[in-house]
Number of protein chains: 2
Amino acid sequence: MTEKSVYNSDTIIALATPSGIGAIGVIRLSGPDAINLVNEVFGGKDLSIQHSHTIHFGTIKDGKQVLDEVLVSIFIGPRSYTRENVVEISTHGSAFIIESIIKLLIRKGARPANPGEFTLRAFLNGQLDLSQAEAVADLIASNSQASHQVAMQQMRGGFSSELKHLRDQLIHFASMIELELDFGEEDVEFANRDDLKGLIYQIQRILHRLIQSFEQGNVMKNGVPVVIAGKPNVGKSTLLNALLNEERAIVSEIAGTTRDTVEDHMIIGGINFRFIDTAGIRDTEDIIEAKGVERTHAKIKEAKLIVYLVDPEQNVDKIVEQVRYLDSLGIPFLTVVNKKDLANADFLERLESEVGGQKSEAGSPKSDVRSPKSEAGSMNDDDQTSDLIFISARNKEGIDLLKQEILRKVNLHSINTDDVLVSNIRHLEALQKTEESLNRVLQNIDQPITSDFLASDIKQALYYLGEITGQVTTDDLLETIFSKFCIGK
Amino acid sequence: MTEKSVYNSDTIIALATPSGIGAIGVIRLSGPDAINLVNEVFGGKDLSIQHSHTIHFGTIKDGKQVLDEVLVSIFIGPRSYTRENVVEISTHGSAFIIESIIKLLIRKGARPANPGEFTLRAFLNGQLDLSQAEAVADLIASNSQASHQVAMQQMRGGFSSELKHLRDQLIHFASMIELELDFGEEDVEFANRDDLKGLIYQIQRILHRLIQSFEQGNVMKNGVPVVIAGKPNVGKSTLLNALLNEERAIVSEIAGTTRDTVEDHMIIGGINFRFIDTAGIRDTEDIIEAKGVERTHAKIKEAKLIVYLVDPEQNVDKIVEQVRYLDSLGIPFLTVVNKKDLANADFLERLESEVGGQKSEAGSPKSDVRSPKSEAGSMNDDDQTSDLIFISARNKEGIDLLKQEILRKVNLHSINTDDVLVSNIRHLEALQKTEESLNRVLQNIDQPITSDFLASDIKQALYYLGEITGQVTTDDLLETIFSKFCIGK
């Protein structure tokens, strides 16, 4: 267990920008010698006497050889990301130049940074708490409005200041109770039991809300798993492409990048959806037949939504049978009729009467939107019968409506919430353990037992709460968290 | 034809760092409104009243929504890369965040930059001449010490200041001769013909040196094409891997990157070598048999070096026959005996006596190094008989010696030259055309012809010289040059 302390006295270096060819690359150093090391190889002003937050043009020289013309940014600790001296060298974006400069500065005494080591130092030096540091990695990985929002909110303080405040109060009670223990037999009560109960109830309410928020926070961060089911050639990949097309165009046009979009991830309404490839379902005409297949079954169970794509040329009885099966799973689903132009009156009539949902082809479903605030992430039980939606994937008709229905079904339509959401499984587990410890405190508080039990459970709760914000850490925990970061952050 | 002039009054924006996940991304804006546009969306200090070359921490906000916490660097024109106002926004390296911020600033009035548009503006605003601007792209693309050095030297002024000075003197003569034309019949000579000749000789000497330097400059920039020949299973790919291994390790270890090294490009002694895949040679046991194959032949002719890999189990007569054929091509080549442990005394004796080269297995060939200064890029004719080199590719024996011999054979061993080298085919052509025009001036100068011919040829020379540095440009030329840049530079 590490309490915050002065960290390594060495100076670390890494490329902070992605590798690859670009106009510029940024090499970052942090540590007591950052400015002096760069100054040694810098042709230009004396960097050691410059103000913080200033930029200086010059050359990086290896002996007489000019490696590059660069801009050097100076940040004097504690006014920096890590609270140490930080230098950023903005170079021409050539891998050769970047390597040469990094090698040169390593020769001069810098050390290659480990993954996440800059942010680890920011944490150890008190710039960020642990949940904020974790949010930095989430922020970099964020690829949708929803995941961005969750990470940003967590990085900017999120629930950690709230938790810290409550933890401080709990610490107060813990010390009062410890004091009682010191007085041994004397049966004094420094800690008012009613006040303690009041505080615990207050903490429990917040814990409950945070734990409840995980389901939503998690899908906002990691994406909503959706299974697209249907017989072969019903148009599943045409549908995926139709859903995908607009988003793709935006990405490559604006940022000048060609992001490797995996076909079955896409962003709808700012939320990342993962369309799951269930080989079993994809290859089998009849979902009921496939239900023996264990793996397919498991995938369907993971889904937050099933999109069941049908074709007007299919047998209506079969469709109805499958809709009933899907209904029995307890997972929200949409029955989507593709190739709608081929649907004859008989097909439509029978399907609508048997499946029972309203035929949606126009009109905004917005009036039906549920606030994620009121029932964070819980799927609404009264809406599990399939809605019928008619589209033509090939002609891109009905696609917008389908998107709206998908958002409505997963109950995440409105993501413009300022609510604090937990999205990190580590935090969820710590919150749950805190809740359990506090439940034990509440169970015991009115019992005629000695204060040690109370003190022990409160300490457990403090420990778990502290793990979230990093007021309590272990080297293993830090290792686990920061090894997932990229180098240079 | 464009003379330098005030450029667009709009403000451009682009991602300046490579796309992909990294700790940070840098978005760059240039133009009169760069600072004001960013200021509009910046949560923090008033950026419009800050000093140049300062850095400011704050948020980028789209309405109330915080897109990111960023560092904003301010450069007030003309103290910037483009000589316009420039702002660099250092964001968390998430594609989503970067896109969001770029989109936001485009909504506020910025325009997505074209490829190379920042550097184009730097050129049009007189920050760089054209050959320097071209060197920026070369610098970014540089992947070896040699290509880096050529590009760096060109970016830092290279031959352009020299050319500009000579061009100015030539302009002086041109105007004197034009003046003579104005006086028509009067037979005056304002331009001293001997002085003019002296100047032209001086220019020709420099032109000649620069044109001669192209062969070396070009291979330093684009790599040395090497053909590895030999029958199947003689160990060609084992040899390539043995040559490649060390370099690779350095790349991935230091920069924390995994560069996609194409197997048949590698850097030896700071120079990029392109090992050419000649399917014909690779698949044919006998090079002589393959010589009918047109394509293979062409590839061999491109090579600056042939490495002919043989196996002690091959028929010595066949080997000797092929060595004679290779010798007849006039391209430097090395005969390399792989699996040297398998070579018996008879094989060695016969090969050495027939092929005639010295057996090199140790000892430094450095004493034999030719300075590229003295015979820039020309291959030394007296050294075309094959040297015999004995290696074991599998056991990595003799590899260092082979590297030294490769460098020696291509005559580029020493690249620590301060010589000005031309590496750009556009510059070469302009230099050659200048030379031709000046040759015509010299031919005519002593002839009893009117001054118009002289004036016209001098103007031609001025035009071509000006094309190199960009004192003369056309929109087409600029388009051709800058469209090859990456976006954001």
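Basis of the calculations
- Residues numbered from 1 in each chain as written.
- Chains lettered and ligands numbered in written order.
- Predicted model: local features only at pLDDT ≥ 70, side-chain atom pairs only at ≥ 80, totals over all residues.
- Heavy atoms only, no water.
- Salt bridge = Lys/Arg side-chain N within 4 Å of Asp/Glu carboxyl O.
- Helix = DSSP H or I, 4+ residues; strand = E, 2+ residues; numbered from the N terminus.
- Buried < 20%, exposed > 50% of the residue type's maximum accessible area, 1.4 Å probe, protein only.
- Phe/Tyr/Trp six-rings, centres within 6.5 Å; stacked < 30°, edge-to-face > 60°.
- Lys NZ or Arg CZ within 6 Å of the ring centre and 35° of its normal.
- Domains from an automatic or database assignment.
- Expected span 1.5 Å × (residues − 1).
- Polar contact = N/O pair within 3.5 Å; in protein donor to acceptor, adjacent residues only side chain to side chain.
- Contact = heavy atoms within 4.5 Å.
- Buried area = accessible area lost by both parts, 1.4 Å probe.
- Nonpolar A, V, L, I, M, F, W, Y, C, P; charged D, E, K, R; others polar.
- Pairing = 2+ DSSP bridges.
- Least-squares fit on C-alpha atoms with pLDDT ≥ 70 in both.
- Patch = residues over 30% accessible without salt bridge, like charges linked within 9 Å, V, L, I, M, F, W, Y side chains within 5 Å.
- Areas by Shrake-Rupley, 256 points an atom, 1.4 Å probe, with all protein chains shown as cover.
- 1 Å grid on protein atoms, 1.4 Å probe; cavity = no way out; pocket = protein on both sides within 12 Å on 5 of 7 lines; lining within 4 Å.
- Points joined across faces, edges and corners; volume = space filled by probe spheres on them.

Another point: the pattern of salt bridges. If you walk through the whole model with that rule in mind, you get 42 salt bridges over all chains. Of the charged contacts, one joins Glu69 of chain A and Arg156 of chain B as a salt bridge, the two residues approaching to 2.9 Å between their closest N and O atoms. Of this pair, Glu69 of chain A sits in strand 5 (residues 65–75) while Arg156 of chain B sits in the loop between helix 5 (145–155) and helix 6 (160–182), which puts the two residues in different chains. Judged by relative accessible area, Arg156 of chain B falls into the partly exposed class, the value being 41%. The salt bridge partner of Glu180 of chain A is Arg193 of chain A, with a shortest N-O separation of 2.9 Å. Highlighted residues: Glu180 of chain A in helix 6 (residues 160–182) and Arg193 of chain A in helix 7 (residues 193–222), separated in sequence by 13 residues. Comparing Glu180 of chain A with Arg193 of chain A shows no difference in burial state: the two are buried. One salt-bridge network, in which partners are shared between bridges, spans Asp10, Glu84, Arg111, Glu117 and Arg121 of chain A.

Time to look at helix 5 of chain B. All names here are of chain B. Of all 11 residues that make up helix 5, 9 are buried, and the element is covered over most of its length. Burial in helix 5 covers these residues: Ala146, Ser147, His148, Gln149, Val150, Ala151, Met152, Gln154 and Met155. Downstream of helix 5 by a residue or two, Gly157 has a phi angle that is positive, lying close to 125 degrees.

Below, the discussion takes up the packing of aromatic side chains. Residues and elements named next belong to chain A. Summed over the entire model, instances satisfying the criterion amount to 4 aromatic pairs over all chains. Taken together, a centroid distance of 5.1 Å and an interplanar angle of 35 degrees make the contact between Phe482 and Phe485 tilted. For Lys489, the ring lying beneath its charged end belongs to Tyr81, and the centroid distance is 4.7 Å.

Another point: the domain arrangement of chain A. What the domain assignment lists for chain A is domain 1 (4–128), domain 2 (136–213 + 421–469) and domain 3 (228–414). Taking only C-alpha atoms, the centre of domain 1 of chain A and the centre of domain 2 of chain A are 40 Å apart.

Right, let's get into unusual backbone geometry. Residue and element names in this part refer to chain A. The residue after Gly77, namely Pro78, is reached through a cis peptide bond having omega 5 degrees. As for its position among the elements, Pro78 is in the loop between strand 5 and strand 6 (86–92). Positive phi, normally seen in glycine, also occurs at His53, with a value near 60 degrees. The phi torsion at Lys396 lies on the positive side, around 55 degrees, for a residue other than glycine. On the secondary structure map, Lys396 appears in the loop between strand 14 (387–390) and helix 14 (399–409).

All right, on to helix 12 (residues 316–328) of chain B then. Residue and element names in this part refer to chain B. Taking 1.5 Å of rise per residue, 13 residues should cover 18 Å, and helix 12 covers 18 Å from first to last C-alpha, within 8% of that figure. Among the residues making up helix 12, those that are buried are Val316, Ile319, Val320, Gln322, Val323, Tyr325 and Leu326. Of the residues flanking the start of helix 12, the one acting as N-cap is Asn315, its side-chain oxygen 2.7 Å from the backbone nitrogen of Asp317. Downstream of helix 12 by one or two residues, Gly330 has phi in the positive range, about 75 degrees.

Once that is clear, we can look at the interface of chain A and chain B. Taken together, the contacts link 58 residues of chain A with 58 residues of chain B. For the pair chain A and chain B, the summed buried area comes to about 5,000 Å², and 67% of that belongs to carbon and sulfur atoms. Three residues, Pro18, Ile55 and Phe96 of chain A, lead the burial of chain A against chain B; their summed loss comes to 13% of the area buried on that side. Applying the counting criterion to the chain A and chain B interface returns 2 salt bridges. At the junction of chain A with chain B, the criterion picks out 12 residue pairs in polar contact (both at pLDDT 80 or more). When residues of the side of chain A that touches chain B are traced back to their parent elements, those giving at least two are strand 2 (24–30), strand 4 (54–62), strand 5, strand 6, helix 2 (95–108), helix 4 (130–141), helix 5 (145–155) and helix 8 (236–254) of chain A. Among the elements that make up the side of chain A that touches chain B, the one with the highest residue count is strand 5 of chain A (8 residues). Class assignment for the residues of the side of chain A that touches chain B results in 29 nonpolar, 20 polar and 9 charged.

Sheet faces and side chains relate simply in a regular strand, where the side chains alternate between the two faces. Residue and element names in this part refer to chain B. Summarising the sheet, strand 3 (residues 42–43) and strand 4 (residues 54–62) pair through 2 bridges and their orientation is antiparallel. Bridge pairing links Gly43 to Thr59 in strand 4. Pairing of strand 4 with strand 5 (residues 65–75) involves 9 bridges; the strand directions are antiparallel. Bridged to Phe57 within strand 5 is Leu71.

A separate point is the relation of the copies chain A and chain B. Note on the copies: chain A fits chain B at an RMSD of 0.1 Å, the axial shift is 0.0 Å, and the rotation between them is 180 degrees. Expressed as an axis order, the relation between the two copies is that of a two-fold axis. Among all C-alpha atoms of chain A, that of Thr54 of chain A lies closest to the rotation axis, at 2.3 Å. The residues that chain A uses at the interface reappear at the interface of chain B in 100% of cases, marking a shared surface.

Together, Leu179, Phe183, Val188 and Phe190 of chain B make up a nonpolar patch on the protein surface, roughly 290 Å² of accessible area in all. When you line up the elements, Phe183 of chain B lands in the loop between helix 6 and helix 7 (193–222).

Right, let's talk about empty space enclosed by the protein for a bit. In the structure shown here, the tally under the stated rule is 9 cavities of 30 Å³ or more. Quantified by volume, the largest cavity comes out at close to 160 Å³. Contributing to the lining of the largest cavity are 16 residues, with Ser73 and Glu88 of chain A together with Ser73, Glu88 and Ser90 of chain B lying nearest its centre. Secondary-structure elements contributing two or more residues to the lining of the largest cavity are strand 2, strand 5 and strand 6 of chain A together with strand 5 and strand 6 (86–92) of chain B. In terms of residue class, the lining of the largest cavity is built from 10 nonpolar, 4 polar and 2 charged.

Residues and elements named next belong to chain A. Of all 7 residues that make up strand 2, 7 are buried, and the element is covered over most of its length. Burial along strand 2 is two-sided: the residues Ile24, Val26, Arg28 and Ser30 and Gly25, Ile27 and Leu29 are all buried. As paired strands, strand 1 (residues 12–15) and strand 2 are joined by 4 bridges and run antiparallel to one another. Of the residues in strand 2, the one forming a bridge with Ile12 is Ser30. The pairing of strand 2 with strand 6 spans 7 bridges and is antiparallel. Paired with Gly25 across the strands is Thr91, a residue of strand 6.

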